[in-house]
Amino acid sequence: MTRYLAHRFLQMLGVFLIISLVVFLLLVLTGDPIELLLPPASDLAQVEAMRRQLGLDRPWYVQYVKFLTSAVRGDLGESFYFREPAIRLVLERLPASLELVVWTMAISTVVAIPLGVLAATRPGTWLDRVILVGSLVGISAPTFWIGIVLIALFVVSLGWLPSSGRGGWEHLVLPVATLAFYRVALFVRLIRAGMLDVLGQDYIRTARAKGLFERLVIYRHALKNTLIPFVTIGGIQMGGLVAFAVVTERIFAWPGMGRLLLISIERLDYPVVVAYAIVTAALFVVINLTVDLLYALIDPRIRYE
């Protein structure tokens with residue numbers, strides 16, 4: 001296990017290096033942030049002074065090497081716009097993003113597993129068809145459209161919930177429902193397909209022939225053997241939520257990392273965008289490592305050397 005963790009740690013360093021280089025190059029090639037930081041009436045001397053002050057007068061590879069040497073010390077640079085350390089700006093907004101992600105994944109899992117099991121144990125019935133049609137709608141509907149519909153219904157028409165901001169549970173309901181809609185649909189179809197495959201296998205027939213309770217056969221023997229693909233997809237979805245819940249955060253004015261990313265891209269604020277990419281990559285690595293460790297818990301035959 002120690003060897004495996006050391007190997008994953010080295011992989012993580014390689015991922016950080018590649019991501020930081022790609023993001024850095026993309027931003028450098030996108031445009032000049034000085035045009036956005038200074039008033040339009042600024043003269044050439046002011047532009048050059050600002051460029052020297054921010055270190056943008058040097059070649060891109062010199063800027064990148066300087067960024068790497070500072071990053072080793074935990075310094076990912078200072079925001080051009082906010083004039084604060086970039087990593088601090090990102091980490092200040094991380095709890096808000098994680099709050100959305102955790103609640104979305106928890107509610108999606110709690111709702112999807114019983115529905116998936118219900119559909120798989122009653123294949124071809126009206127209940128199975130209703131669940132399948134519902135999941136098809138959930139997968140097909142764009143996330144931003146769901147958010148707008150929920151705002152129109154629960155904020156504008158009924159006035160039950162706030163449309164924006166972060167505070168109590170009432171602020172969580174609409175953004176979490178928006179993000180969970182697609183995940184519930186995806187997980188239901190995943191659980192149903194896995195269960196249908198497992199329920200036809202010999203060891204399930206043997207368990208039933210021994211007279212075990214049907215609920216025990218379903219949840220202890222069948223569902224357990226569908227969890228590895230579910231955990232894999234769940235891990236990918238969780239990482240995707242951390243990194244790409246940008247539109248939902250924008251619609252509901254949620255003060256997470258996604259909104260900060262949009263603002264930073266619009267202003268070509270390199271340090272913040274690179275810090276965001278590094279933090280997101282770190283979370284992806286941690287989530288993937290957790291998923292790998294969960295495999296061994298679900299199936300004790302899996303060993304890491």
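By convention here, each chain's residues receive numbers from 1 onward along its written sequence. Only residues with pLDDT of at least 70 get local features here, since the model is predicted, and only at 80 or more are side-chain atom pairs given and counted; chain-wide, interface and lining totals rely on the full set of residues. Processing note: side-chain calculations cover all non-hydrogen atoms of the structure and skip hydrogens and water entirely.

Some remarks on the packing of helix H13 (residues 257-266) against helix H14 (residues 270-298)
Viewed as axis vectors pointing N to C, H13 and H14 meet at an angle of 145°, and their least axial separation amounts to 9 Å. Pair H13 / H14 crosses with left-handed handedness. Note on element contacts: H14 touches H13 through Val272, Val273, Tyr276, Val279, Thr280 and Leu283, opposite Met257, Leu260, Leu261, Ser264 and Ile265. Gly counts as polar in this scheme, as do all residues outside two lists: the nonpolar Ala, Val, Leu, Ile, Met, Phe, Trp, Tyr, Cys and Pro, and the charged Asp, Glu, Lys and Arg. Its residues placed into classes, the contact of H13 with H14 shows nine nonpolar, two polar and no charged. Lines fitted to C-alpha atoms define the axes here, with helix axes fitted over just the stretch in contact, and angles between the N-to-C directions of these axes take values from 0 to 180 degrees. Only DSSP runs of H or I reaching four residues or more are called helices, and only runs of E reaching two or more are called strands; each is numbered from the N terminus. Each crossing gets its hand from how the near helix is turned against the far one by less than a right angle, where anticlockwise is left-handed and clockwise is right-handed. When checking whether two residues touch, look at their non-hydrogen atoms; a contact exists if any pair is within 4.5 Å.

A word on the nonpolar core
One broad trend across soluble globular proteins is that nonpolar side chains are buried collectively. Definition of nonpolar core: a set of buried residues of the types Ala, Val, Leu, Ile, Met, Phe, Trp, Tyr and Cys, connected through side-chain atoms within 4.5 Å. When accessible area is computed with a 1.4 Å probe and restricted to protein chains, residues below 20% of their type maximum are described as buried, those above 50% as exposed, and intermediate ones as partly exposed. Counting residues in hydrophobic clusters, the biggest one holds 59 residues, and the most contacted among them are Val90, Val117, Ile191, Met195 and Met257. In terms of nonpolar packing, the next biggest core, distinct from the first, is built from nine residues, Leu38, Leu56, Phe80 and Tyr270 among them.

Some details on the pattern of salt bridges
The term salt bridge refers to a side-chain nitrogen of Lys or Arg lying within 4 Å of a carboxyl oxygen of Asp or Glu. Scanning the model with the defined rule gives six salt bridges in all. Note that Asp128 is salt-bridged to Arg192, the shortest N-O span being 2.8 Å. You can see Asp128 sitting in helix H6 (residues 126-140) and its partner Arg192 sitting in helix H8 (residues 169-199), a full 64 residues away along the chain. For Asp128, a relative accessible area of 3% translates into the label buried. Taking the shortest distance from any N to any O, the salt bridge between Glu214 and Arg208 comes out at 2.6 Å. By relative accessible area, which is 37% here, Arg208 ends up partly exposed.

Notes on the layout of surface pockets
Note on definitions: the grid is 1 Å and covers protein atoms alone; a cavity is a set of points where a 1.4 Å probe fits but cannot get out; a pocket is an open set with protein on both sides within 12 Å along at least five of seven lines; lining residues have an atom within 4 Å of a point. Grid points are joined across faces, edges and corners, and a volume is the space filled by probe spheres set on the points. Roughly 460 Å³ of volume is contained in the largest pocket. Leu54, Lys66, Gly77, Glu78 and Pro271 are, among the 20 residues lining the largest pocket, the residues nearest its centre. Counting only elements with at least two residues in the lining of the largest pocket, the list comes to helix H3 (44-54), helix H4 (60-72) and H14. If you tally residues by element for the lining of the largest pocket, the top one is H4, at four residues.

Some remarks on the side chain of Arg183
Among the secondary structure elements, Arg183 is positioned in helix H8. A polar contact of 2.9 Å, which involves the side chain of Arg183, links it to the side chain of Gln237. Excluding anything up to four places from it in sequence, Arg183 contacts Thr104, Ser108, Gln237 and Leu241. Whenever two N or O atoms come within 3.5 Å, that pair is a polar contact, provided that in protein one can donate a hydrogen and the other can accept it, and provided that, for residues adjacent in sequence, both atoms are side-chain atoms.

Here we look at the environment of Ile191
Position of Ile191 among the secondary structure elements: in helix H8. Separated by 74 residues in sequence, Ile191 and Val117 have C-alpha atoms that sit 6.7 Å apart. Non-local contacts of Ile191, meaning those with residues more than four positions away in its chain, are made with Ile113, Gly116, Val117, Leu223, Thr226 and Phe230.

With respect to the packing of aromatic side chains
For Phe, Tyr and Trp, where Trp contributes only its six-membered ring, two rings pair if their centres lie within 6.5 Å, and the inter-plane angle classes them as stacked under 30 degrees, edge-to-face over 60, or tilted in between. This model, assessed by the stated rule, comprises three aromatic pairs. Aromatic pair Phe154 and Trp160: ring centres 6.2 Å apart, planes at 45°, arrangement tilted. By relative accessible area, which is 61% here, Trp160 ends up exposed. Where Phe187 meets Phe230, the ring centres are 5.0 Å apart and the plane angle is 70°; that geometry is what we call edge-to-face. One end of the pair, Phe187, is in helix H8; the other, Phe230, is in helix H11 (residues 227-244), and 43 residues separate them in sequence. Both residues of the pair, Phe187 and Phe230, belong to the buried class.

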